[in-house]
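Each chain is listed here by its residues.
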Amino acid sequence: MKWLFFFLVALFISCEQKGAHKSLADLLASGQWVDLTYEFSDNTIYWPTAESFRFDTAFEGVAPAGFYYSAYNFCAAEHGGTHLDAPVHFAKGKWSTDQVPLANLTGNAVVIDVSEKALRDADYQITPADIEEWEKRNGEIPGGAILFFRTGYGAFYPDAKKYLGTDERGADAVAKLHFPSIHPEAAEWLVKNRKVKAVGVDIASVDYGQSSDFKTHQVLYAQNISGFENVANLDKLPVKGAYIIALPMKIKNGSGGPLRIIAWLPE
Ligand SMILES: [Zn+2]
């Protein structure tokens, strides 16, 4: 009988190895993609002092040779709509847009929902206690995670008055910004206690609207942790289990850039 036992063990191991060799296509055969990106258009939300998205027609119609043809020019600030903040945006010498490694733009998502508090208070700042409370229920944030905070303000996009607190533009509008985001103490806590690759928010900035020193940006980016801002559809992600692919336009020496970010939800 002993041989039978060893035979079964050997069979089990070979099956296990076959499982390990599943191709990426096999893994992606059941599940679905979720687009976490807003389209770029006249409605795209930009910081009050940043240039908005411009989309000009170079040609649209039937060309003299008889075929249909269209081509456009676009122009925009790096920081608007769904976009990457490269660490160099607030930390000299850290990664620029083209330098952020692909390994840091892909990984397992963790979603901390603070919408109940944030929707009650547009100046809400996410605290270390919010993170610890999430961990009590869901376990420690794993190393290498891409961490999202869901404020619930994504539901207001692209209504600037509700989303940013003001729809005014220009330097004077900055003081009128009211939206929730991450308290610098929470950023300090993360940097000290956990190892995340990037932090994403469903709002225009990783600092709250009333911030004037952008301390959360400074703390995270000094550790080469990137920011993803104006991330769409966070309400469609589970608290964990989604896989993120976030690919910015590869701007050499850029401080950020338009970001196509998607999530894979396994079955
Ligand atoms: Zn930004």
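Residues numbered from 1 in each chain as written. Predicted model: local features only at pLDDT ≥ 70, side-chain atom pairs only at ≥ 80, totals over all residues. Heavy atoms only, no water.

1. Concerning the overall build of the chain
Secondary structure summary: the chain contains seven helices and 12 strands in total. Per-residue burial over the chain gives 43% buried out of 267 residues. Put simply, 74% of the contacts in the chain that link residues at least 6 apart link residues at least 24 apart. Carbon and sulfur atoms make up 55% of the accessible area of the chain, which amounts to about 14,400 Å² in all. Distance between charge centres in the chain, computed from 25 positive and 32 negative side chains, equals 8 Å. (Helix = DSSP H or I, 4+ residues; strand = E, 2+ residues; numbered from the N terminus. Buried < 20%, exposed > 50% of the residue type's maximum accessible area, 1.4 Å probe, protein only. Contact = heavy atoms within 4.5 Å. Areas by Shrake-Rupley, 256 points an atom, 1.4 Å probe, with all protein chains shown as cover. Lys, Arg positive; Asp, Glu negative; His and termini not counted. Charge placed at Lys NZ, Arg CZ, Asp CG, Glu CD.)

2. Notes on the packing of aromatic side chains
Aromatic rings in a pair are described by how distant their centres are and how their planes are angled relative to each other. Counted by the stated rule, this structure contains 13 aromatic pairs. Ring geometry for phenylalanine 53 against phenylalanine 55: centres 6.2 Å apart, planes inclined by 20°, an arrangement best described as stacked. A relative accessible area of 12% means that phenylalanine 53 is categorised as buried. Residue class for phenylalanine 55 comes out partly exposed when judged on its relative accessible area of 48%. The rings of Phe40, Phe53, Phe55, Tyr72 and Phe74 are connected pair by pair, giving a single aromatic cluster. (Phe/Tyr/Trp six-rings, centres within 6.5 Å; stacked < 30°, edge-to-face > 60°.)

3. Considerations on the coordination of the zinc ion
The protein atoms that coordinate the zinc ion are His79 (ND1), His83 (NE2), Asp85 (OD) and Glu229 (OE), at distances of 1.9 to 2.4 Å. Here the zinc ion is ringed by four donor atoms whose angles at the metal span 75 to 165°, and the overall shape comes out irregular. Mapping the donors of the zinc ion onto the primary sequence yields the spacing H-x3-H-x1-D-x143-E. The same class applies to histidine 79 as to histidine 83, namely buried. (Donors = N, O, S within 2.8 Å, 3.2 Å for Na, K, Ca; no water. Tetrahedral: all angles 85-135°; square planar, octahedral: opposite > 155°, others 65-115°.)

4. Quick notes on the environment of aspartate 159
In this structure, aspartate 159 sits in the loop between strand E7 (146–150) and helix H5 (160–163). Residue classification places aspartate 159 among the partly exposed residues on the basis of a relative accessible area of 34%. Remark: the alpha-carbon pair of aspartate 159 and aspartate 121, spanning 38 residues in sequence, is separated by 18 Å.

5. So, the pairing of strand E5 (residues 106–113)
The side chains of a regular strand alternate, first on one face of the sheet and then on the other. With six of eight residues buried, E5 lies mostly within the body of the structure. Across four bridges, E5 lies against strand E11 (residues 240–248) in antiparallel orientation. Each bridged residue has a counterpart across the sheet, and for threonine 106 the counterpart in E11 is isoleucine 245. (Pairing = 2+ DSSP bridges.)

6. As for the pairing of E11
Where E11 meets strand E12 (residues 256–266), six bridges bridge the pair, whose relative direction is antiparallel. Within E12, the residue paired with isoleucine 245 across the bridge is isoleucine 262.

7. Remarks on unusual backbone geometry
That bond from tyrosine 157 to proline 158 is cis: its omega, 5°, falls within 30 degrees of zero. Despite not being glycine, asparagine 233 has its phi angle at roughly 60°, a positive value. Along the polypeptide, asparagine 233 turns up in the loop between strand E10 (226–229) and E11.

8. As for the pattern of salt bridges
Inspection of every chain in the model, using the stated rule, returns nine salt bridges. In this structure, the salt-bridge partner of lysine 117 is aspartate 130, at a minimum N-O distance of 2.6 Å. Of this pair, lysine 117 sits in helix H3 (residues 115–120) while aspartate 130 sits in helix H4 (residues 128–138), placing them 13 residues apart in sequence. Lysine 117 gets classed as partly exposed once you look at its relative accessible area, which sits at 32%. Among the ionic pairs, arginine 194 bridges to glutamate 140, the shortest N-O distance being 3.7 Å. Of the two residues, arginine 194 sits in the loop between helix H6 (184–193) and strand E9 (198–201) while glutamate 140 sits in the loop between H4 and E7, which places them 54 residues apart along the sequence. On the basis of relative accessibility, which here comes to 55%, the residue glutamate 140 falls in the exposed class. Salt bridges here are not isolated pairs; linked through shared partners, they connect Glu135, Glu140 and Arg194. (Salt bridge = Lys/Arg side-chain N within 4 Å of Asp/Glu carboxyl O.)

Interpretation in functional terms is not warranted from these geometric data alone.
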